[in-house]
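For reference, the chains in residue letters:
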Amino acid sequence: MQKRTILWDITSKCNLRCRHCYNADKYFSNKEYPVLNTSQIGAVLKKLSLSGFNHIHLLGGEPLVRQDIWEIIREAGRRNIETTLNTNGTLLTPANISRLLAARNLSQIVISLDGPTGVANDKIRGKGVFKNVTSNIRNLAAAVKKRRSKVITAISSVISEDNAAQLYKFGALAESLGVNYLFLLN
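These figures come from a predicted structure and were not determined experimentally.

Moving on, we come to the overall build of the chain. The secondary structure content of the chain amounts to 7 helices and 6 strands. Starting at the N terminus and walking to the C terminus, you meet the elements of the chain as β-α-α-β-α-β-α-β-α-α-β-α-β. Its C-alpha radius of gyration of 16 Å places the chain within 12% of the 16 Å reference for a compact globule of 186 residues. Per-residue burial over the chain gives 47% buried out of 186 residues. Relative to all contacts within the chain whose residues are 6 or more apart in sequence, the contacts with residues 24 or more apart total 75%. Split by element, the accessible area of the chain, about 10200 Å² in all, is 52% carbon and sulfur.

See below:
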């Protein structure tokens, strides 16, 4: 069956203020942007499923700031919609990792990291983010291995003048963290 995909910015809220964020004007202002509630999202997922969409990639802001993210992922599963997720990795606590890996329809977790070192990454994402996120990625990779989960893990990095000179270090970092893939975006 052919994969029909929807990319969905599921929230405008984020706990980071990354310098290169393509949604910065929207997310960093004091203006509230309306988002659908759980029930409305369920109705959209039903329509998407009936229209032949069988894959949804959840983005944001930061999807894990939504209290109902677990219900959204479950509802997608009830609709036979494969789910993948982008996260900044700061909220990948052991409890959240366990819940994500328990979702039968979740097939991939992509974690944003914009430098192969703390200095490079934190210049873009904020002080202390690299240490926190790399620790969380290690915990995620260990949990995937322990559970023998089929969930694919990846690091996604936006190439910029702040990190381009260090691109060659990303491969070793990805390997040391135990992720399956490294995505470089421009």
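Our focus in this paragraph is the packing of aromatic side chains. How two aromatic rings sit relative to each other is given by the distance of their centres and the angle of their planes. A full pass over the atoms with the stated rule returns 1 aromatic pair. Taken together, a centroid distance of 6.2 Å and an interplanar angle of 15° make the contact between tyrosine 181 and phenylalanine 183 stacked. For tyrosine 181, a relative accessible area of 45% translates into the label partly exposed. Judged by relative accessible area, phenylalanine 183 falls into the partly exposed class, the value being 29%.

Relative to the 18 Å expected for 13 residues at 1.5 Å per residue, helix H2 (residues 38-50) spans 18 Å between its end C-alpha atoms, a close match to the ideal helical length. All of the buried residues along H2 are Ile41, Gly42, Leu45 and Leu48. In a view along the axis of H2, the buried residues occupy a sector of 125°, so they form one face of it. Relative to its buried face, H2 has exposed residues pointing more than 90 degrees away, namely Ser39, Lys47 and Leu50. The secondary structure elements touched by the buried residues of H2 are strand E1 (5-9), strand E2 (55-59) and helix H3 (69-78). Between a side-chain oxygen at the N-terminus of H2 and the backbone nitrogen of serine 39 the separation is 3.1 Å; the capping residue is asparagine 37. The first or second residue beyond H2 is glycine 52, which carries a positive phi of 95°.

Attention now goes to the pattern of salt bridges. Applying the stated criterion to the full structure yields 6 salt bridges. A salt bridge links glutamate 82 to lysine 3, with the nearest nitrogen and oxygen atoms 3.3 Å apart. Taken together, the residues glutamate 82 in strand E3 (residues 82-87) and lysine 3 in the segment before E1 connect sequence positions 79 residues apart. For glutamate 75, the salt bridge is made with arginine 78, and the minimal N-O distance between the two is 2.8 Å.

On to the sheet that holds strand E6 (residues 181-185). Through backbone hydrogen bonds, the strands of a sheet pair up, either in parallel or in antiparallel fashion. Taking strand neighbours across the sheet as the criterion, the 6 strands line up as E1-E2-E3-E4-E5-E6 in an open arrangement whose pairing is parallel. Edge strands, defined here as strands with exactly one partner in the open sheet, are E1 and E6. Across this sheet, the average inter-strand angle for adjacent strands is 20°, counted without regard to direction. Strand direction decides the pairing type here: E1 and E2, joined by 5 bridges, are parallel. Residue pairing in the sheet places tryptophan 8 in a bridge with leucine 58 of E2. Helix-sheet contacts for H2 involve E1 and E2, and the interaxial angle to E1 is about 165°.

About the criteria used
Residues numbered from 1 in each chain as written. Predicted model: local features only at pLDDT ≥ 70, side-chain atom pairs only at ≥ 80, totals over all residues. Heavy atoms only, no water. Helix = DSSP H or I, 4+ residues; strand = E, 2+ residues; numbered from the N terminus. Rg over C-alpha atoms; globule rule 2.2 N^0.38 Å. Buried < 20%, exposed > 50% of the residue type's maximum accessible area, 1.4 Å probe, protein only. Contact = heavy atoms within 4.5 Å. Areas by Shrake-Rupley, 256 points an atom, 1.4 Å probe, with all protein chains shown as cover. Phe/Tyr/Trp six-rings, centres within 6.5 Å; stacked < 30°, edge-to-face > 60°. Expected span 1.5 Å × (residues − 1). Arc of directions from axis to C-beta. Polar contact = N/O pair within 3.5 Å; in protein donor to acceptor, adjacent residues only side chain to side chain. Salt bridge = Lys/Arg side-chain N within 4 Å of Asp/Glu carboxyl O. Pairing = 2+ DSSP bridges. Axes fitted to C-alpha atoms, helices over the stretch in contact; angles between N-to-C directions.

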